[in-house]
Amino acid sequence: MPYTEVSGERVPIRMWAAPDEVEAAAMEQLRNVTRVPWVHGLAVMPDVHYGKGATVGSVIAMRDAVSPAAVGVDIGCGMTAVRTDLTAERLPDDLRRLRSALEAVIPVGYHAHDEPVDPAAVPTLREADWSGFWAGFDALADAVRPRRERALRQMGTLGGGNHFLEVCLDDGGAVWLVLHSGSRNIGKELASHHIERAQALPHNQDLPDRDLAVFVTGTPEMDDYRRDLFWAQEYARRNRDVMMGLACRTLAEQVPGTRFEQWISCHHNYVAEETYDGVDVLVTRKGAIRAGKGDLGIIPGSMATGTYIVRGLGNPASFNSASHGAGRRMSRNKARRTFTEADLVEQTRGVECRKDRGVVDEIPAAYKDLESVIEAQADLVEVVAHLRQVVCVKG
């Protein structure tokens, strides 16, 4: 059996990670999932680690219920990658200038655009119906109504933490653009609103972990959450689309005549309606991508360890899922205490990126070994391409 099965209360825990190598707090989070009355199954990816509210790298299938904390506060966070027709030789000699040009058009950290991006001015965007999408904002929870203008200006922004935009080369020398981001502040506020609402419901008072509070099918609370959840997931996808469109336009300005040949996108913090064992379930992937048979996915490492483009093998034991990245092996605070700017400079040698104290918590050594993570899920995905970054933009 390619995975390890650990006993749980209602369902077993299927693990594509060595149980004795997973921190105790994360294992306890996972055991608590198996105690939730609505749980149908639980799969754990090789990048698993402790997470706020629920374990990162967990795939939870529930019958007639969903836990908003098991999605996470960055609803719809995920990846987008675009392969260009460029090869390494055609990139500008001055990669710092290219990084600066990308940073000039895509706000990072807490910053937003001064004015909302006009999609018509970004010719590579795939989506046409923007008015219909924004009309859905008016139906969202009252708690976020004052955030419309902010959500408009944050559309097409990167954020901070482990979010990034990169220029990469595959093993054949082809140039790719790769980015990682989500639903920004609007997703966070929607998630926080619904997590608090779920925790107050009577049916959640006896759960082993209040962070696993659920909404139940057929209730107004579930209907409200699904409406806001799916809108936020769409916001996240469009946010990546806008950023990628801006990045493509910027690269084409630097290298005239650039064409963009393949566009791949996947969420890794989200909910999907799927069927397993003849049962309709709501599948929550927090730090996991869908890896149904033939699905293309993106699994990044860190600032200097590259990214894998993969194709799903459709393994139902994992609920058609795979890891979302390398996964952290130490907390941000521990990374800041352990490493210096000099360590960051050394570990990101050859990559045009920030090398200051502000991103030491993102140092490659704070993450698990990406190669081992890929090897551990050989029955979940096959590798299509390996990319290594030459430019990395972080907030």
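The notes below deal with the structure included here. Here the structure is a predicted model, which is why all the values come from computation and not from measurement.

**Quick notes on the sheet that holds strand β11 (residues 269–276)**
Here is step 1: As summarised here, the arrangement of the six strands in space is β1-β2-β3-β4-β12-β11, forming an open sheet in which the pairing is mixed. At either margin of the open sheet sits one strand with a lone partner, and together these are β1 (4–6) and β11. The average angle at which neighbouring strand axes cross in this sheet is 20°, direction not considered.
Here is step 2: Bridge analysis of β1 against strand β2 (residues 13–15) gives three bridges, and the strand direction is antiparallel. By the bridge assignment for β2, Glu-5 is matched with Arg-14.
Here is step 3: Set on the sheet, helix α6 (residues 220–254) makes contact with β11 and β12 (279–286); between it and β11 the angle comes to about 115°.

**Here's the deal with the pattern of salt bridges**
Here is step 1: Taken as a whole and assessed by the stated rule, the structure comprises 29 salt bridges.
Here is step 2: Notably, a salt bridge pairs Glu-352 with Arg-96, separated by 3.6 Å at the nearest N-O pair. Remark: Arg-96 occurs in helix α2 (residues 95–105) and Glu-352 occurs in the loop between α8 (341–347) and α9 (370–375); sequence separation between them is 256 residues.
Here is step 3: Residue classification places Arg-96 among the exposed residues on the basis of a relative accessible area of 55%.

**Thoughts on the environment of Met-243**
Here is step 1: Considering the arrangement of structural elements, one finds Met-243 in helix α6.
Here is step 2: Looking at Met-243, the relative accessible area reads 1%, which means it is buried.
Here is step 3: In contact with Met-243, other than residues within four places in its own chain, are Ile-106, Gly-156, Thr-157, Leu-158, Leu-179 and Ser-181.

**Concerning the packing of α2 against α6**
Here is step 1: Remark: α2 packs on α6, axes separated minimally by 10 Å, with the N-to-C direction vectors making an angle of 140°. The angle between α2 and α6 falls in the class oblique. The handedness of the crossing between α2 and α6 comes out as right-handed. Residue-level inspection shows Arg-97, Leu-98, Ala-101, Leu-102 and Val-105 of α2 in contact with α6, the latter providing Leu-246, Ala-247, Thr-250, Leu-251 and Gln-254.
Here is step 2: Looking at the contact of α2 with α6 residue by residue, the class counts come to seven nonpolar, two polar and one charged.

**Examining the sheet that holds strand β14 (residues 296–300)**
Sheets are built from strands that pair by backbone hydrogen bonding, the pairs being arranged parallel or antiparallel.
Here is step 1: Ordered by their spatial adjacency, seven strands build an open sheet running β10-β6-β8-β7-β17-β15-β14, and the pairing between neighbours is antiparallel. At either end of the open sheet lies a strand with only one pairing partner, and these are β10 (260–267) and β14. Each strand axis lies, on average, 30° off the axis of its neighbour in the sheet, ignoring direction.
Here is step 2: Where strand β6 (residues 78–87) and strand β8 (residues 174–181) come together, seven bridges link them in antiparallel fashion. Across the sheet, the residue bridging to Val-82 is Leu-177, located in β8.

What counts, and where the lines are drawn
- Residues numbered from 1 in each chain as written.
- Predicted model: local features only at pLDDT ≥ 70, side-chain atom pairs only at ≥ 80, totals over all residues.
- Heavy atoms only, no water.
- Pairing = 2+ DSSP bridges.
- Helix = DSSP H or I, 4+ residues; strand = E, 2+ residues; numbered from the N terminus.
- Axes fitted to C-alpha atoms, helices over the stretch in contact; angles between N-to-C directions.
- Contact = heavy atoms within 4.5 Å.
- Salt bridge = Lys/Arg side-chain N within 4 Å of Asp/Glu carboxyl O.
- Buried < 20%, exposed > 50% of the residue type's maximum accessible area, 1.4 Å probe, protein only.
- Parallel < 35°, antiparallel > 145°, perpendicular 65-115°, else oblique.
- Left-handed = near helix turned anticlockwise from the far one by under 90°.
- Nonpolar A, V, L, I, M, F, W, Y, C, P; charged D, E, K, R; others polar.

Any functional reading would require information that these geometric values do not contain.
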